[in-house]
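Spelled out from the first residue to the last, the chains are:
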Amino acid sequence: MANLAIVVHGGAGAWDIESERMQVGLAACREAALAGHAVLKAGGSALDAVETAVHILEDCPALDAGRGSYLNTQGEVEMDALIMDGRSLNMGAVAAIQRVRHPISLARRVMTDTEHAFLVGPGAGAFADQIGFPRCATEDLIVPPEANGSAPAKPLAGPLGDTVGAVAFDIHGDLAAATSTGGTRNKMPGRVGDSPLVGSGGYADNWTAAVSATGQGEAIMKVVLSKRVCDLVSDGLSAQAACEAAIRLLEERVGGECGLIAIDAQGQVGVARNTRAMPYAFVMGEDEGGMVDGR
Ligand code: GLY
């Protein structure tokens, strides 16, 4: 039997490590990793595991995805998500989607229910309505500072975190990746970052690795960061070494800050960042004793 593995992240950024918000985000990462691991242990697919894990992260008010997403300059929530199946390279993505609690599941429906791979803005919303995908009010996605672990007097000066993601390796040795985000704080309406862009915010290929990225989207997309990690694994680097090398490349080439999680085709895990912090959790192996978390 393949060695099961799942890694999740709650977003790289200038977190206050001691903050209540970090504790809330870290707890969500642990819960998401364990939920995804339970799917894998029951024989579920890597694709189901990453969707399950990202659901929990999208529900966490301390993290920038789903409920808790950053607002744009017009006070609206526009979210981006990507899911990818390492068996087939099938992928689904949505960008600038509004009024859904779980963009990652809508991205999966784009993959499974359309002939396309990527829907944006009103077209993505119309698709959601067409298939009866649950819609919510914008207010359901907006979290007051006191509800996401930040004291009201300390209203998120600077980005605390950014984006959530998960990668998994299942019983069949298949890989999958999922990334979901509310984007950046005070972004222009219509701005789309790296997260839904295949190869930038995520990538999954059974031949190499599954990767999810977080950080400065405008930098990450320029170097197609997640695919870089897969290419480095293809060159013979471990998942850990590939994540570290890709971040060095990002720094040297475009000067960006980010975090990466990865699992390679042998089920080995990589986690790296050049930001102050990034809550993450992973489980390697058959039991929850393989659980590791960090920031
Ligand atoms: N990394 C998420 C974004 O830039 O939108």
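Just so it is clear, the structure is predicted and the values come from calculations on it, not from any experiment. (Residues numbered from 1 in each chain as written. Predicted model: local features only at pLDDT ≥ 70, side-chain atom pairs only at ≥ 80, totals over all residues. Heavy atoms only, no water.)

## Looking at the site of the ligand
So, step 1. Taken together, the neighbourhood of the ligand is formed by Asp162, Thr163, Thr181, Gly183, Thr184, Arg191, Gly193, Asp194, Ser195, Gly215 and Gly217.
So, step 2. Within the backbone of Gly217, a nitrogen or oxygen atom sits 3.0 Å from an oxygen atom of the ligand.
So, step 3. Expressed as a share of its isolated accessible area of 200 Å², the protein-covered part of the ligand is 100%.
So, step 4. Residues that form the shell around the ligand fall into these classes: no nonpolar, eight polar and three charged. (Near = heavy atom within 4 Å. Polar contact = N/O pair within 3.5 Å; in protein donor to acceptor, adjacent residues only side chain to side chain. Areas by Shrake-Rupley, 256 points an atom, 1.4 Å probe, with all protein chains shown as cover. Nonpolar A, V, L, I, M, F, W, Y, C, P; charged D, E, K, R; others polar.)

## Let's talk about the packing of helix H1 (residues 20-41) against helix H2 (residues 46-59)
So, step 1. For the pair H1 and H2, the least separation of the axes is 8 Å and the interaxial angle reads 155°. Classed by the angle they form, the pair H1 and H2 counts as roughly antiparallel. Remark: the crossing between H1 and H2 carries right-handed chirality. Each of Ala28, Cys29, Glu31, Ala32, Ala35, Gly36, Val39 and Leu40 in H1 lies in contact with H2, whose residues at this interface are Ala46, Asp48, Ala49, Thr52, Ala53, Ile56 and Leu57.
So, step 2. Taken together, the residues that form the contact of H1 with H2 break down as 11 nonpolar, two polar and two charged. (Axes fitted to C-alpha atoms, helices over the stretch in contact; angles between N-to-C directions. Helix = DSSP H or I, 4+ residues; strand = E, 2+ residues; numbered from the N terminus. Parallel < 35°, antiparallel > 145°, perpendicular 65-115°, else oblique. Left-handed = near helix turned anticlockwise from the far one by under 90°. Contact = heavy atoms within 4.5 Å.)

## Considering the nonpolar core
So, step 1. Among the nonpolar cores identified, the biggest contains 50 residues, and Ile6, Val8, Leu57 and Val94 are the most heavily contacted of them.
So, step 2. Among the elements that make up this core, the one with the highest residue count is H2 (eight residues).
So, step 3. Contacts of Val8, omitting those with residues within four sequence positions, involve Cys29, Ala32, Ala33, Ala53, Leu57, Gly165, Ala166, Ile261, Pro279, Tyr280 and Ala281.
So, step 4. One finds Phe169, Ala210, Val271 and Phe282 within the second-largest nonpolar core, a separate group that totals 41 residues. (Core = buried A, V, L, I, M, F, W, Y, C linked by side-chain atoms within 4.5 Å. Buried < 20%, exposed > 50% of the residue type's maximum accessible area, 1.4 Å probe, protein only.)

## Some points on the packing of aromatic side chains
So, step 1. In the structure shown here, the tally under the stated rule is one aromatic pair.
So, step 2. A ring pair is formed by Tyr280 and Phe282, whose centres lie 6.4 Å apart and whose planes are at 10°; its orientation type is stacked.
So, step 3. For Phe282, a relative accessible area of 13% gives the class buried.
So, step 4. In this arrangement the basic side chain of Lys227 is found over the ring face of Tyr203, its NZ or CZ atom lying 5.7 Å from the centre. (Phe/Tyr/Trp six-rings, centres within 6.5 Å; stacked < 30°, edge-to-face > 60°. Lys NZ or Arg CZ within 6 Å of the ring centre and 35° of its normal.)

## Description of the sheet that holds strand S9 (residues 258-264)
So, step 1. Taken together, four strands build an open sheet; the order of strands is S7-S8-S9-S10 and the sheet is antiparallel. Each of the sheet's edge strands pairs with one partner strand only, and the pair in question is strand S7 (202-204) and strand S10 (269-273). Averaged over all adjacent pairs, the angle separating strand axes in this sheet is 5°, with direction ignored.
So, step 2. Sheet topology note: the strand S8 (residues 209-215)/S9 ladder contains seven bridges and is antiparallel. Looking across to S9, one finds that Val211 is bridged to Ala262.
So, step 3. Of the strands in this sheet, S7, S8 and S9 are in contact with helix H6 (residues 225-234), which crosses S8 at around 145°.
So, step 4. Set on the sheet, helix H7 (residues 239-254) makes contact with S9 and S10; between it and S10 the angle comes to about 25°. (Pairing = 2+ DSSP bridges.)

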